[in-house]
Amino acid sequence: TKDPNSAPNRHTAVHLFEWKWTDIANECERFLGPYGFSGVQVSPPNEHALIDGRPWWQRYQPVSYKLQSRSGSEAEFIDMVNRCNNAGVRIYVDAVINHMAAGGNRGSAGTSYNPGAKDFPGVPFSAWDFGDSLCKTGSGNIENYNDPDQVRNCKLVGLPDLLVSKDFVLDKIVEFMNRLINIGVAGFRIDAAKHMWPNDLNKLIGKLNNLPSQTFGNNKRPFIYFEVIDLGGEPIKNTDYTWMGRVSEFRYGKFLSEVVRKKFGQKLKYLNNFGTGWGMIPDGDAQIMVDNHDNQRGHGAGGDILTFFDSRLYKIATAFMLAWPYGYPVIMSSYNFNRNNDAQGPPSDGNGNTNNVIINADLSCGGGWICEHRWRQIYNMARFRNAAGFQPVQNWWDNGNNQIAFSRGNKAFIVINNDDHSLDQWLQTGLPQGQYCDIMSGNFEQGRCTGKVITVEGDGRTKVTISNSEEDPMIAIHVDAKL
Ligand code: ARE
Ligand code: CA
């Protein structure tokens, strides 16, 4: 389904990239649940290759479907899913099902395998389960993205390509995904979906179980979002997949980053029809993000994508994304890395054991964990999105350039100044008269505001002043943070 299966009034998920299950379970209880987040995309939970240097991308090289990975054991995974569901937070699994490992010979669950001979006894898959004979390129790799046959049937960067059309292969994948569903997982990111035939994926989805009714209610289907990078210019389109689930709309983060960076003459005022007005897929078909684990380090779509390295602009882009009613947002939660080493794995003890996430008194993270989702300007916008609910955009205002404002019905209102001069303006907020806490500059805690207080007059207007030199040149208010 395209429905994220969220608990009521939760609209923002977070990708806890490379986090351990024990940490995610704690995070659901101590932060994500209370702060109104809807779900967590977790790193691939199944057995993966162990590659020298322990790069993050070893987890995209499956060895078997045993639930033992760098993030933890099967027991820890089950405990995490239960505790997160109890906290009202859903778990979405990154499902790597297009291929198996190209490197290594012993997996994270201790299974021996031989990638050259395509022997993966932990499943078991053997040479017969891979599609080499279907691939017509000289190298056996995908050489040309303009040829859909090779994109589907050849090896993606040398990774042995599974014959998903074969019953035995499909059934092993279905068995794996149904085990996760029975544990209580609410959905899947389908990794490398561009490299699998839509009809095979449709068959697979048809064989998935309903979600456990005691947690989700009767007849609920798993949420599916496909990773299909479509920036235009290739014959394979994201719309080849939207009939079966959502698709990650990679143009969203690319275009939004370009606008906030003011590249190619872009301006914030052009965002007034962001979404289908910009040629993107329909709202309900899209899963969106500013950046993801690939393009934040130059893999995948790449480009001018904003990341935590450009924190000021990143917060502006994220604030717009969470204020704007389009798509299902997944916030990237990163660990720090050396930009000259795009393979660098998560903070670890040097023996491949991932460190615990450190939580500081001010809610931020330490120990190399960036935790964008714990930045005040970001977690408060997740609450803004919940307060805005399904209200439409109203009261759009712009200065013809990079100063914009809009409300979400009569529930929430945001102003952004990305110009090189200050904003000084009476604006219509759409909100009821009263005093509101600006959730960019502070928090609304126990009925008090630690940031700026914004007064909305009886006619719904307020006087807004935002200097362009502010760290966060934005004001955001909503009815759940009214004084
Ligand atoms: C690693 C090494 C390779 C080596 C390979 C096999 O880096 O040098 O050949 O292992 O030994 C991730 C990493 C890869 C890594 C892989 C396996 O990014 O570097 O390879 O794990 O360990 C295409 C796909 C898209 C894919 C991106 C990265 O269409 O599906 O490439 N994204 C997903 C994940 C990745 C993951 C994989 C898939 C594989 O999000 O994290 O790879 O499971 C245009 C096209 C895009 C294309 C893009 C880049 O934009 O339109 O379709 O994306 O170029 O080629
Ligand atoms: Ca394939």
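Rules used in this analysis
Residues numbered from 1 in each chain as written. Chains lettered and ligands numbered in written order. Predicted model: local features only at pLDDT ≥ 70, side-chain atom pairs only at ≥ 80, totals over all residues. Heavy atoms only, no water. Helix = DSSP H or I, 4+ residues; strand = E, 2+ residues; numbered from the N terminus. Rg over C-alpha atoms; globule rule 2.2 N^0.38 Å. Contact = heavy atoms within 4.5 Å. Areas by Shrake-Rupley, 256 points an atom, 1.4 Å probe, with all protein chains shown as cover. Lys, Arg positive; Asp, Glu negative; His and termini not counted. Charge placed at Lys NZ, Arg CZ, Asp CG, Glu CD. Pairing = 2+ DSSP bridges. Axes fitted to C-alpha atoms, helices over the stretch in contact; angles between N-to-C directions. Donors = N, O, S within 2.8 Å, 3.2 Å for Na, K, Ca; no water. Buried < 20%, exposed > 50% of the residue type's maximum accessible area, 1.4 Å probe, protein only. Expected span 1.5 Å × (residues − 1). Core = buried A, V, L, I, M, F, W, Y, C linked by side-chain atoms within 4.5 Å. Near = heavy atom within 4 Å. Polar contact = N/O pair within 3.5 Å; in protein donor to acceptor, adjacent residues only side chain to side chain. Nonpolar A, V, L, I, M, F, W, Y, C, P; charged D, E, K, R; others polar. Parallel < 35°, antiparallel > 145°, perpendicular 65-115°, else oblique. Left-handed = near helix turned anticlockwise from the far one by under 90°. Disulfide = S-S within 2.5 Å. pLDDT = per-residue confidence, 0-100. Salt bridge = Lys/Arg side-chain N within 4 Å of Asp/Glu carboxyl O.

A. Layout of the overall build of the protein chain. Along the protein chain, the regular secondary structure elements total nine helices and 20 strands. The C-alpha radius of gyration of the protein chain comes to 23 Å, within 12% of the 23 Å expected for a compact globule of 483 residues. The dimensions of the protein chain, computed from C-alpha atoms along their principal axes, are 70 × 45 × 45 Å. Contacts spanning at least 24 positions in sequence make up 68% of the contacts within the protein chain whose residues lie at least 6 apart. By element, 45% of the accessible surface of the protein chain is carried by carbon and sulfur atoms, the whole surface being about 17500 Å². Each charge sign in the protein chain was given a centre, from 48 positive and 51 negative side chains, and these centres are 3 Å apart.

B. The arrangement of the sheet that holds strand 13 (residues 412-417) in detail. The four strands are arranged 11-12-13-20 in an open sheet whose pairing can be described as antiparallel. Sheet topology places strand 11 (393-398) and strand 20 (474-478) at the edges, where each strand pairs with a single neighbour. Strand-to-strand twist of the sheet, defined as the mean angle between neighbouring strand axes without regard to direction, takes the value 5°. Across five bridges, the pairing between strand 13 and strand 20 is antiparallel.

C. Looking closely at the coordination of the calcium ion (ligand 2). Each protein donor to the calcium ion (ligand 2) is listed here as Asn98 (OD1), Arg152 (O), Asp161 (OD), Asp161 (OD) and His195 (O); together their distances run 2.4 to 2.6 Å. Sequence spacing of the donor residues for the calcium ion (ligand 2), all on one chain, is N-x53-R-x8-D-x33-H. Judged on exposure class, the residue Arg152 and its partner Asp161 are both buried.

D. Layout of helix 8 (residues 311-323). The first and last C-alpha atoms of helix 8 sit 18 Å apart over 13 residues, in line with the 18 Å expected at 1.5 Å per residue. By the criterion of burial, helix 8 is predominantly enclosed, with 10 of the 13 residues buried. If you check which residues of helix 8 are buried, you get Tyr314, Lys315, Ile316, Ala317, Thr318, Ala319, Phe320, Met321, Leu322 and Ala323.

E. Quick peek at the nonpolar core. Membership of the largest hydrophobic core comes to 136 residues, with the highest contact counts inside it found for Ile24, Phe77, Ile190 and Phe226. The leading source of residues in this core is helix 4 (residues 167-183), at nine residues. Once residues within four sequence positions are removed from consideration, Ile24 is found in contact with Leu16, Trp19, Val40, Val42, Met80, Cys84 and Ile91. Core analysis: the next-biggest nonpolar cluster, separate from the first, contains 14 residues, Leu431, Ile466, Ile475 and Ile477 among them.

F. Spatial organisation of the site of ligand 1. Close contacts around ligand 1 come from 21 residues, with Trp57, His195, Glu227, Glu234 and Asp294 the closest. At 3.0 Å, a side-chain N or O of His99 approaches an oxygen atom of ligand 1. In the environment of ligand 1, an oxygen atom lies 2.8 Å from a nitrogen or oxygen atom belonging to the backbone of Val157. Considered on its own, ligand 1 offers 950 Å² of accessible surface; in the complex 77% of this is hidden by protein. Here the shell around ligand 1 is built from residues that sort into nine nonpolar, six polar and six charged.

G. Quick peek at the packing of helix 7 (residues 250-261) against helix 8. Between helix 7 and helix 8, whose axes approach to 10 Å, the crossing angle comes to 125°. By the angle between their directions, the pair helix 7 and helix 8 is classed as oblique. The chirality of how helix 7 crosses helix 8 is right-handed. Contacts between helix 7 and helix 8 involve Tyr252, Leu256, Val260 and Arg261 from the former and Leu313, Ile316, Ala317, Phe320 and Met321 from the latter. Tallied by class, residues from the contact of helix 7 with helix 8 come to eight nonpolar, no polar and one charged.

H. Spatial organisation of the state of the cysteines. For the coordinates displayed, the defined rule picks out four disulfides. One disulfide in the model links Cys135 with Cys154; its S-S distance is 2.0 Å. In this structure the cystine formed by Cys135 and Cys154 twists about its S-S bond by roughly 100°; its chirality is therefore right-handed. Taken as a pair, Cys135 in the loop between strand 3 (90-95) and helix 3 (148-153) and Cys154 in the loop between helix 3 and helix 4 lie far apart in primary sequence, 19 residues in all. Neither Cys135 nor Cys154 differs from the other in exposure class; each is buried. Covalently, Cys437 is tied to Cys449 through a disulfide, its sulfur atoms 2.1 Å apart. Torsion about the S-S bond of the Cys437 and Cys449 cystine: about 70°, corresponding to right-handed handedness. On the criterion of sequence distance, the pair formed by Cys437 in strand 15 (residues 434-437) and Cys449 in strand 17 (residues 448-449) is long-range, its members being 12 residues apart. Of the residues examined, Cys437 reaches a relative accessible area of 0% and is grouped as buried. Owing to a relative accessible area of 16%, Cys449 belongs among the buried residues under this scheme.

I. Spotlight on unusual backbone geometry. Of note, the amide linkage connecting Val123 to Pro124 takes the cis form, showing an omega dihedral of 0°. Tracing the backbone shows Pro124 in the loop between strand 3 and helix 3.

J. Spatial organisation of the confidence of the model for the protein chain. Residue-level pLDDT values for the protein chain average 97, and 100% of them are 70 or greater. With pTM at 0.98, the complex prediction returns an ipTM value of 0.98.

K. Inspection of the pattern of salt bridges at higher detail. Counted according to the given criterion, the structure contains 26 salt bridges. Between Glu29 and Arg83 there is a salt bridge, with its nearest N and O atoms 2.8 Å apart. Note that Glu29 is positioned in helix 1 (residues 21-32) and Arg83 in helix 2 (residues 74-86), a separation of 54 residues in sequence. We note a salt bridge from Glu249 to Arg251, for which the minimum N-O separation is 3.1 Å. Take Glu249 and Arg251: they sit in the same class, and that class is buried. Several salt bridges share partner residues, and in doing so they unite Asp94, Arg189, Asp191 and Glu227 into one network.

L. Quick look at the packing of helix 1 against helix 2. The interhelical angle for the contact between helix 1 and helix 2, taken along N-to-C directions, is 10°, at an axis separation of 8 Å. The orientation of helix 1 relative to helix 2 falls into the category roughly parallel. For the pair formed by helix 1 and helix 2, the contact residues are Trp21, Thr22, Ile24, Ala25, Asn26, Cys28 and Glu29 on the first element and Glu76, Phe77, Met80, Arg83 and Cys84 on the second. When grouped by side-chain class, the residues that make up the contact of helix 1 with helix 2 number seven nonpolar, two polar and three charged.

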